[in-house]
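Per-entry structural report
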Amino acid sequence: MLENLKLKIGAPAILGKLATYPLLREQNGASDLIELDEALATGMASITEVSQSGRVPVLAVKNGCDRDLILYDGEELVGAKQNRIANMTVIVGAGSELNLPVSCVERGRWNWKSRHFKPSESFMYPSLRRDKFAQVSASLKEGAGFAADQSRIWGDIGDKARRMNVHSPTEAMQDITDNFHVSDQGLADQIPEAPGQVGYLAFIRGGLAGTDIFASTRLCRRKLFKLLRSYYLDSFDKALRFPPVEASQVLQQIQRARCRPVRSPGIGDELRFRNTV
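Residues numbered from 1 in each chain as written. Predicted model: local features only at pLDDT ≥ 70, side-chain atom pairs only at ≥ 80, totals over all residues. Heavy atoms only, no water.

What follows concerns a positive patch on the surface. Positive charge collects at one region of the surface, where K17, R205, K238 and R241 lie side by side. Within the secondary structure, R205 sits in the loop between strand 13 (197-204) and strand 14 (207-213). Judged by relative accessible area, R205 falls into the partly exposed class, the value being 37%. (Patch = residues over 30% accessible without salt bridge, like charges linked within 9 Å, V, L, I, M, F, W, Y side chains within 5 Å. Areas by Shrake-Rupley, 256 points an atom, 1.4 Å probe, with all protein chains shown as cover. Salt bridge = Lys/Arg side-chain N within 4 Å of Asp/Glu carboxyl O. Lys, Arg positive; Asp, Glu negative; His and termini not counted. Charge placed at Lys NZ, Arg CZ, Asp CG, Glu CD. Helix = DSSP H or I, 4+ residues; strand = E, 2+ residues; numbered from the N terminus. Buried < 20%, exposed > 50% of the residue type's maximum accessible area, 1.4 Å probe, protein only.)

Structure below.
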């Protein structure tokens, strides 16, 4: 399946210790999906706690739009009783609702800030997103659903805050990101979107930090700077080490990867794969 993507690697762009290679498609795939920021802006979609008392590992998503909504793994949701991140990528059908598996990224708060969640300006930073993905994959193999190791996530955020000398009254991941914030314009000046771009390969100090690929240039454009902001944060963390590999090797492994379908709470199946990078 992935070998049919027919991706090409563009010229790299540099921002400090972060280098990104755009992934390009000559024929842009069409997609009528609406992403989270767009959907919430219409007022026709919402994300809330599942009840007045709330449950840490799950949120309620309602999509009142006339288009299917895509919500990406690692997207940060802020507000309500505590900030969370999505544990998976899921498509919520038009006019439907579901319970979304999430992890908490704000250990020190459990009180109402708002009734509805809103998207933050960043994703979970890639070093933790990779670890969380492995945790969820292990949980799925054990038949325990899209669950992550909440204690490990809290521990990673706390360790990162200490390494980067960030104090957060509620131990919030968002406070770390805000301390190393770079604007959309700052990102656009150094890492401009390339024509036909549907994703990227991101390297920090010469090691592969991660990659994301989207169904269309439009969806990539909507999420690109949020994701790059999370990589930019990790580029300041000198304790992190990423595997050294050539961009061409990564693309080959992506295209040769064998996927395992997993039943999704939303539309279709989620395809999960592992590689040797």
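The structure having been displayed, the exposition proceeds.
With that settled, the discussion passes to the pattern of salt bridges. Tallied over the full model, the rule gives 19 salt bridges. For K226, the salt bridge is made with D37, and the minimal N-O distance between the two is 2.7 Å. Placement of the pair is K226 in helix 6 (residues 217-234) and D37 in helix 1 (residues 36-42), with a sequence separation of 189 residues. Neither residue differs from the other here; K226 and D37 are each classed as buried. We note a salt bridge from D159 to R162, for which the minimum N-O separation is 2.6 Å. Here D159 and its partner R162 are both found in helix 3 (residues 150-163), 3 residues apart, which amounts to about one turn of the helix. On the basis of relative accessible area, D159 is assigned to the partly exposed category, the value being 36%. Counted as one network, the salt bridges with shared partners bring together E35, D37, E75, R222, K223 and K226.

What follows covers helix 6. An α-helical turn contains 3.6 residues, so a residue and the one three or four places further along point in the same direction. For helix 6, built from 18 residues, the straight-helix expectation of 26 Å at 1.5 Å per residue is met to within 8% by its first-to-last C-alpha distance of 25 Å. The largest bend in helix 6 comes to about 45°, at L224. Among the 18 residues that make up helix 6, 15 are buried, leaving the element largely enclosed by the rest of the structure. (Expected span 1.5 Å × (residues − 1). Bend = angle between axes of the 7 residues up to and from the residue.)

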